[in-house]
Amino acid sequence: MGTVLEQSGDKLVEKGSGSALCRMNFWQYVITKIEINGRLPDNPIGNEIALYKETLKSKVDASGKQLLNGKHLQAKLGSKVANMLFRELSRAIAITRS
């Protein structure tokens, strides 16, 4: 889910980095397991993701139009899941080393 900034002339372009296959599979996971209601497990991590998703969807502008939707919403969810995955991995490593 990481990106790199590339400069070409006067403009900066943000591009995806890392394995394209890994990014594609992670994106599919977010679309099929995270974004669809009722597919998250009923545990603290699933509840944290569900709360974050509802928070993102509840943000609206003055006219009541949802600010985040489509790929932007999916990217935010993917970023949250990637950060949570890293957090849990770090905890598991710390437990095994102690």
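A. Structural detail: the packing of helix α2 (residues 44-58) against helix α3 (residues 70-97). Packing of α2 against α3 brings their axes to within 11 Å, and their N-to-C directions diverge by 155 degrees. Between α2 and α3, the angle is such that the two are roughly antiparallel. The crossing of α2 and α3 is right-handed. Only Leu73, Lys76, Leu77, Lys80, Val81, Met84, Arg87 and Glu88 of α3 make contact with α2, whose side of the interface consists of Ile45, Glu48, Ile49, Tyr52, Lys53, Leu56 and Lys57. Here the residues of the contact of α2 with α3 sort into eight nonpolar, no polar and seven charged.

B. Quick look at helix α1 (residues 20-34). For α1, spanning 15 residues, the distance from its first C-alpha to its last is 20 Å, which sits close to the expected 21 Å at 1.5 Å a residue. Looking at α1, one finds that the buried residues are Phe26, Val30 and Ile34. Down the axis of α1, the smallest arc covering the buried residues is 45 degrees, so these residues share one side. Of the exposed residues in α1, the ones pointing more than 90 degrees away from its buried face are Ala20 and Leu21. Where α1 is buried, its residues contact α2 and α3. Its side-chain oxygen at 3.3 Å from the backbone nitrogen of Leu21, Ser19 defines the N-terminal cap of α1.

Rules and cut-offs
Residues numbered from 1 in each chain as written. Predicted model: local features only at pLDDT ≥ 70, side-chain atom pairs only at ≥ 80, totals over all residues. Heavy atoms only, no water. Axes fitted to C-alpha atoms, helices over the stretch in contact; angles between N-to-C directions. Helix = DSSP H or I, 4+ residues; strand = E, 2+ residues; numbered from the N terminus. Parallel < 35°, antiparallel > 145°, perpendicular 65-115°, else oblique. Left-handed = near helix turned anticlockwise from the far one by under 90°. Contact = heavy atoms within 4.5 Å. Nonpolar A, V, L, I, M, F, W, Y, C, P; charged D, E, K, R; others polar. Expected span 1.5 Å × (residues − 1). Buried < 20%, exposed > 50% of the residue type's maximum accessible area, 1.4 Å probe, protein only. Arc of directions from axis to C-beta. Polar contact = N/O pair within 3.5 Å; in protein donor to acceptor, adjacent residues only side chain to side chain.

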